[in-house]
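Spelled out from the first residue to the last, the chains are:
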Amino acid sequence: MPTSLDYVRPQTRDNSHAWPACFLGIFSGPAALALILLGGILRLTESVFVFWVTAALVIGLGGPFVFGCVVRYRMPIDTPTRHKLLAAVGVLAPIGWIVVIVVPILIAMHLWFTE
């Protein structure tokens, strides 16, 4: 299989994957946060919990980010602006969720370990 995206069937002008990319990007943050909270409820050991949180963030937010990037990359040049904006939201929403979820965790860890 080639290493490029040339084997992927290009999207048509009217049948775009922009809506699924947008919804997946928007709802990826709550899904990743729910997985993190589920790990806390299950009372996992510390090392397993760290792996659980890392996997939730990488899979839960990385997957939608990559899907949004592929959708945006494979759009035809004459795609309507609305679809381009939806695909851009599909790319930027997981990045925003990473900031919203990870920054408070890092601040809490800093406060916890500097006491």
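Described below are features of the structure shown in this document.

**Some remarks on the packing of aromatic side chains**
Inspection of the entire model under this criterion finds 2 aromatic pairs. Judged by centre distance (6.5 Å) and plane angle (20 degrees), the rings of Phe23 and Phe27 are stacked. Here the residue Phe23 and the residue Phe27 both occupy positions in helix α1 (residues 18-41), the gap between them amounting to 4 residues, near one helical turn. Each member of the aromatic cluster is reached from another via a ring pair, and the members are Trp19, Phe23 and Phe27.

**Focus: the side chain of Ser28**
In this structure, Ser28 sits in helix α1. For Ser28, a relative accessible area of 3% corresponds to the buried category. A polar side-chain atom of Ser28 sits 2.9 Å from the main-chain carbonyl oxygen of Gly25. Residues contacting Ser28, with those up to four places away along its chain left out, are Gly60, Leu61, Pro64, Pro94 and Trp97.

**So, the layout of surface pockets**
Taken as a whole, the largest pocket spans an internal volume of roughly 400 Å³. When residues of the lining of the largest pocket are traced back to their parent elements, those giving at least two are α1, α2 (46-73) and α3 (81-113). The leading source of residues in the lining of the largest pocket is α3, at 7 residues.

**Let's talk about the packing of α2 against α3**
How two helices sit against one another is set out by the angle between their axes and by the gap between those axes. Put simply, α2 and α3 touch, their axes get as near as 8 Å, and they point 160 degrees apart. The angle between α2 and α3 falls in the class roughly antiparallel. Here the hand of the crossing between α2 and α3 comes out left-handed. When α2 is examined against α3, the residues Leu57, Leu61, Pro64, Phe65, Gly68, Cys69, Val71 and Arg72 are found in contact with a partner set consisting of Lys84, Ala87, Gly90, Val91, Pro94, Ile95, Trp97, Ile98, Ile101 and Val102. For the contact of α2 with α3, the residue count by class is 14 nonpolar, 2 polar and 2 charged.

**Some thoughts on the packing of α1 against α2**
Following both chains from N to C, one finds α1 and α2 inclined at 180 degrees, their axes separated by 9 Å at the closest point. Put simply, α1 runs roughly antiparallel to α2. Partitioned by chemical class, the residues of the contact of α1 with α2 number 17 nonpolar, 7 polar and no charged.

**Section: the environment of Met75**
Structurally, the position occupied by Met75 is in the loop between α2 and α3. A relative accessible area of 10% means that Met75 is categorised as buried. For the pair formed by Met75 and His17, sequence separation is 58 residues and the distance between their alpha carbons is 8.7 Å.

**Here's the deal with a nonpolar patch on the surface**
Taken together, the side chains of Trp19, Phe23, Ile26, Phe27 and Val89 present a nonpolar region at the surface, about 470 Å² in accessible area. When residues in the nonpolar patch are grouped by element, the largest group, 4 residues, is from α1. Examined against the element boundaries, Val89 turns out to sit in helix α3.

About the criteria used
Residues numbered from 1 in each chain as written. Predicted model: local features only at pLDDT ≥ 70, side-chain atom pairs only at ≥ 80, totals over all residues. Heavy atoms only, no water. Phe/Tyr/Trp six-rings, centres within 6.5 Å; stacked < 30°, edge-to-face > 60°. Helix = DSSP H or I, 4+ residues; strand = E, 2+ residues; numbered from the N terminus. Buried < 20%, exposed > 50% of the residue type's maximum accessible area, 1.4 Å probe, protein only. Polar contact = N/O pair within 3.5 Å; in protein donor to acceptor, adjacent residues only side chain to side chain. Contact = heavy atoms within 4.5 Å. 1 Å grid on protein atoms, 1.4 Å probe; cavity = no way out; pocket = protein on both sides within 12 Å on 5 of 7 lines; lining within 4 Å. Points joined across faces, edges and corners; volume = space filled by probe spheres on them. Axes fitted to C-alpha atoms, helices over the stretch in contact; angles between N-to-C directions. Parallel < 35°, antiparallel > 145°, perpendicular 65-115°, else oblique. Left-handed = near helix turned anticlockwise from the far one by under 90°. Nonpolar A, V, L, I, M, F, W, Y, C, P; charged D, E, K, R; others polar. Patch = residues over 30% accessible without salt bridge, like charges linked within 9 Å, V, L, I, M, F, W, Y side chains within 5 Å. Areas by Shrake-Rupley, 256 points an atom, 1.4 Å probe, with all protein chains shown as cover. Salt bridge = Lys/Arg side-chain N within 4 Å of Asp/Glu carboxyl O.

This is a description of form; function is not addressed.
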